[in-house]
Amino acid sequence: MFPVPLDAVIFDMDGLLLDTERLYRTAIFGACEDLGHNMQDSLHLSLVGTPKEIGDAKLRAHFGDDFAIDAYHEKCRIRFRTLCAKTMPLRQGASEILDWLKELNIPRAVATSTPRVLALDHLDRAGIIDRIDAVVTRTDLEFGKPHPDTSKR
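Worth saying up front: this structure is predicted, and the values here are computed from it rather than measured.

Asker: I'd love a proper account of the environment of Phe 80, names of residues and values included.
Answerer: The residue Phe 80 is located in helix H4 (residues 69–86) in this model. Residues Phe 80 and Tyr 24, spaced 56 residues apart in sequence, show a C-alpha to C-alpha distance of 6.2 Å. Beyond its immediate chain neighbours, meaning those up to four positions away, Phe 80 contacts Thr 20, Leu 23, Tyr 24, Ala 27 and His 122.

What follows is the structure, given as C-alpha cells:
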C-alpha cells in the first residue's frame, strides 16, 4: 500500500484522523444562525483548513464588515465544545493505520490548523495521542498550513 521504507508519516487531524468536520459544520452553521446570518455550504467549505485570519477575512467579505466576528467565534467555540463533550469520533481506519505504523516503528506526526491546546485535547480524547510522536499546530508557527513550515517542524 505504501512505499517502504517510510521515514515518517505526517497526518492532518480534522477530517483525516478525527471525524470532526461535521461537528465544526454544525457549530459554524448554528453560530451564524444565532447571529441572524445564513451560512452557505460554499463559504463553509472555503473556511475548512484555513488559518483564523484568512477565515475571518472571508466571513467579513461575505457577511459585511460589521459581522460580529468575536461573537461568532465565541458561539462556535461553545457549540463545538458541547458537541465534542458528547463524542470525539475517529475516521474509519485511523486507529488501524496508526497501529500499523507504530508496529513498523515509523514516526507519526500531526500537522493541524487547530490551536495546540485543543489539538492535544482532541487527540487525547479520541484515544490516539499515545500513537503520535509529534504534533505541530497553528500556534507553533508564524505561518499556518499550507505554508511548508508546518511539515518541517
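Still more ground to cover, so stick around.
Asker: Please set out the environment of Ala 109 residue by residue, giving values where relevant.
Answerer: Among the secondary structure elements, Ala 109 is positioned in strand E2 (residues 108–111). With relative accessibility at 16%, the residue Ala 109 sits in the buried group. Spatially, the C-alpha atom of Ala 109 lies 5.6 Å from that of Ile 132, the residues being 23 residues apart in sequence.

Asker: Any details on unusual backbone geometry? Residues and values, ideally.
Answerer: One non-glycine residue, Asn 105, adopts positive backbone phi at about 60°. The topology assignment puts Asn 105 in the loop between helix H5 (94–103) and E2.

Asker: Tell me what's going on with the sheet that holds strand E3 (residues 134–136), and back it up with residues and numbers.
Answerer: If you walk across this open sheet you meet the 3 strands as E1-E2-E3, and the pairing is parallel. A strand with exactly one partner marks an edge of an open sheet, and here the two such strands are strand E1 (9–11) and E3. Recorded for the sheet is a direction-independent mean angle of 25° between the axes of neighbouring strands. When E1 meets E2, the two strands line up parallel, connected through 3 bridges. Within the sheet, the bridge partner assigned to Val 9 lies in E2 and is Arg 108. Sitting on the sheet, H5 is in contact with E1 and E2, with an inclination near 155° to E1.

Asker: Tell me about helix H3 (residues 52–63), and name the residues and values.
Answerer: Owing to its 3.6 residues per turn, the α-helix aligns residues three or four sequence positions apart on the same side. Here H3 is 12 residues long and its end C-alpha atoms lie 16 Å apart, about the 16 Å a rise of 1.5 Å per residue gives. Among all positions of H3, only Gly 55, Asp 56, Leu 59 and Phe 63 are buried. Across the axial projection of H3, the buried residues extend over an arc of 100°, all falling on one side. Turning to H3, the residues buried within the fold contact helix H1 (21–34), helix H2 (41–47) and H4. A positive backbone phi angle near 110° is found at Gly 64, which sits one or two residues after H3.

Asker: Give me the lowdown on the pattern of salt bridges, citing residues and values where you can.
Answerer: This model, assessed by the stated rule, comprises 11 salt bridges. Salt-bridge contacts for Lys 52 lead to Asp 56; the nearest nitrogen and oxygen are separated by 2.9 Å. Residue Lys 52 and its partner Asp 56 are located together in helix H3, separated by 4 residues, close to a single helical turn. Overall, Lys 52 belongs to the partly exposed group, its relative accessible area being 47%. Owing to a relative accessible area of 9%, Asp 56 belongs among the buried residues under this scheme. Of the charged contacts, one joins Arg 131 and Asp 99 as a salt bridge, the two residues approaching to 2.9 Å between their closest N and O atoms. Note that Arg 131 is positioned in the loop between helix H6 (116–125) and E3 and Asp 99 in helix H5, a separation of 32 residues in sequence.

The rules behind the values
- Residues numbered from 1 in each chain as written.
- Predicted model: local features only at pLDDT ≥ 70, side-chain atom pairs only at ≥ 80, totals over all residues.
- Heavy atoms only, no water.
- Helix = DSSP H or I, 4+ residues; strand = E, 2+ residues; numbered from the N terminus.
- Contact = heavy atoms within 4.5 Å.
- Buried < 20%, exposed > 50% of the residue type's maximum accessible area, 1.4 Å probe, protein only.
- Pairing = 2+ DSSP bridges.
- Axes fitted to C-alpha atoms, helices over the stretch in contact; angles between N-to-C directions.
- Expected span 1.5 Å × (residues − 1).
- Arc of directions from axis to C-beta.
- Salt bridge = Lys/Arg side-chain N within 4 Å of Asp/Glu carboxyl O.

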